[in-house]
Amino acid sequence: MKMTLLFRPLSRLALFVFLSFVGLNSPLLAQSVAVMVNGEPITTFDIEQRIRLIKISTHKSPPRQEVIDELIGEKVKIREAKKFGVNPTSTDIDQAYANMGARMGMSPEQLTKSIGSQGVRPDTIKARLRADMVWGSLVRGRFKESLLVSDRDVNEALKNGGEDKSKIEGVEYQMRPVVLIVPRGAAGPVVEARRNEANSLRERIQSCSDAVRTVKAMRNATLRDPVTKTSADLPPTLRDLLDKTPVGHLTPPEITRQGVEMVAVCEKKVTSVDTPKKKEIREKMFADKYEKRSKSYLDDIRRSAMIEYRESRPEKGDK
């Protein structure tokens, strides 16, 4: 008992010295709380990290208060979403992070290394991704009916815009994809031989029935199920390619992982169900409705949030 009492003060002193050393070298312990939002802290480290992230994406230095407002908004969004059971798992967030990297042509590890070289931690991006995910799901789920854009609204916008007939009408394409299989890793001459075979088919085939009969009789060739798409479903480059290909003929060959691919254009017919222009208008009208509803909703829940600033707020115009 006496020995325990004798060493207790020494242990406390050693612990104090250790914590002091860690505090001087750890950004987590050295940071201070700038704002409390519903009992959750936003630290100076969070703010500096977000400023760096915005600089990377915009090449501009954002005003500090603007960044703080963004972080406050994310805190209240996540809290509100949890009330309605919208709470993505860490796996969901990691997948979103991986998808973001993939769009930039990078693996998650490469993305982490890239932003790390500029002083940004992956958790900074993941925090923003989480807020965006939960808020999008929440707003679309709660206000689904009011966000709908009717055909009548779209047609009225087209009429008022004075669009010409070619933009109002679309095309429905019926197609049969054709694949001349090439073994993975095949040498260049093998691939080129199959490409020549594909070009020969393009010259001979005059209808979809020709394509079905010919491809089924070929070795290492396959005919996929029929596909029907409207011009609104397709990117401009593919629409242009299909428009240039006569009905009953094959599109130019393309080298893919499966081999040499073409599309037999079986039918084209004019449709007014949906067109690229209608799709564009519909998406813009939805985005406008979403933006207004999102802002109104966020303003409401932010007004009822408990926000406590622990640092002095900058004057307007300060960074």
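Residues numbered from 1 in each chain as written. Predicted model: local features only at pLDDT ≥ 70, side-chain atom pairs only at ≥ 80, totals over all residues. Heavy atoms only, no water.

Draft legend 1. Quick peek at the layout of surface pockets. When its volume is computed, the largest pocket comes out at roughly 480 Å³. Surrounding the largest pocket, 20 residues form its lining, Asp46, Leu71, Lys75, Asp123 and Ala127 being those nearest its centre. Of all the secondary-structure elements, those providing two or more residues to the lining of the largest pocket are β2 (40-43), α3 (44-58), α4 (64-83) and α7 (122-142). Here the lining of the largest pocket takes 6 residues from α4, the largest share from any one element. Considering only residue class, the lining of the largest pocket consists of 7 nonpolar, 3 polar and 10 charged. By volume, the second largest pocket is sized at about 290 Å³. Lining the second largest pocket are 15 residues, with Pro177, Leu238, Thr251, Met262 and Val263 positioned closest to its centre. For the lining of the second largest pocket, the secondary-structure elements that each account for two or more residues are β3 (170-181), β5 (227-230), α13 (236-244) and β7 (259-271). Looking at side-chain class alone, the lining of the second largest pocket contains 10 nonpolar, 1 polar and 4 charged residues. (1 Å grid on protein atoms, 1.4 Å probe; cavity = no way out; pocket = protein on both sides within 12 Å on 5 of 7 lines; lining within 4 Å. Points joined across faces, edges and corners; volume = space filled by probe spheres on them. Helix = DSSP H or I, 4+ residues; strand = E, 2+ residues; numbered from the N terminus. Nonpolar A, V, L, I, M, F, W, Y, C, P; charged D, E, K, R; others polar.)

Draft legend 2. Local environment of unusual backbone geometry. At asparagine 38, a residue that is not glycine, the phi angle is positive and equals roughly 50 degrees. One can find asparagine 38 in the loop between β1 (33-37) and β2.

Draft legend 3. Layout of the packing of α4 against helix α14 (residues 276-303). As a packed pair, α4 and α14 sit with axes 10 Å apart at the nearest point and diverge in direction by 90 degrees. Classified by the interaxial angle, the pair formed by α4 and α14 is roughly perpendicular. Here Asp69, Ile72, Gly73, Val76, Lys77 and Glu80 of α4 lie close against α14, whose contacting residues are Tyr297, Leu298, Ile301 and Arg302. (Axes fitted to C-alpha atoms, helices over the stretch in contact; angles between N-to-C directions. Parallel < 35°, antiparallel > 145°, perpendicular 65-115°, else oblique. Contact = heavy atoms within 4.5 Å.)

Draft legend 4. Local environment of the sheet that holds β2. Here we have 3 strands laid out as an open sheet, ordered β2-β1-β8, and antiparallel in their pairing. Taken across any chain shown, the strands that pair with only one partner, and hence form the sheet edges, are β2 and β8 (307-309). For this sheet the average axis-to-axis angle between neighbouring strands, irrespective of direction, equals 25 degrees. Sheet analysis places β1 next to β8, joined by 3 bridges and oriented antiparallel. Residue pairing in the sheet places valine 37 in a bridge with isoleucine 307 of β8. Each of β1 and β2 is contacted by α3, which is oriented at about 55 degrees to β2, the strand it contacts most. (Pairing = 2+ DSSP bridges.)

Draft legend 5. The packing of aromatic side chains, seen in detail. Throughout the structure, instances matching the rule amount to 3 aromatic pairs. With a centroid separation of 5.2 Å and an interplanar angle of 80 degrees, the aromatic rings of phenylalanine 143 and tyrosine 297 are classed as edge-to-face. One end of the pair, phenylalanine 143, is in the loop between α7 and α8 (144-147); the other, tyrosine 297, is in helix α14, with 154 residues separating them in the sequence. Classification of phenylalanine 143 by relative accessible area gives buried; the value is 15%. For the pair phenylalanine 286 and tyrosine 290, a centre-to-centre distance of 6.4 Å together with 25 degrees between the ring planes defines the contact as stacked. (Phe/Tyr/Trp six-rings, centres within 6.5 Å; stacked < 30°, edge-to-face > 60°. Buried < 20%, exposed > 50% of the residue type's maximum accessible area, 1.4 Å probe, protein only.)

Draft legend 6. Expanded view of the pattern of salt bridges. Evaluated as defined, the whole model comprises 18 salt bridges. Here glutamate 74 and arginine 50 are joined by a salt bridge, their closest N and O atoms 2.8 Å apart. Of this pair, glutamate 74 sits in helix α4 while arginine 50 sits in helix α3, and the two are 24 residues apart along the sequence. There is no split in this pair, since glutamate 74 and arginine 50 are both buried. Lysine 83 serves as the salt-bridge partner of glutamate 80, at 3.4 Å between the closest nitrogen and oxygen. Of this pair, glutamate 80 and lysine 83 both sit in helix α4, 3 residues apart, which is roughly one turn of the helix. Assessed through its relative accessible area of 9%, glutamate 80 is described here as buried. Taken together, the shared-partner salt bridges connect Arg50, Glu70, Glu74 and Arg128 into one network. (Salt bridge = Lys/Arg side-chain N within 4 Å of Asp/Glu carboxyl O.)

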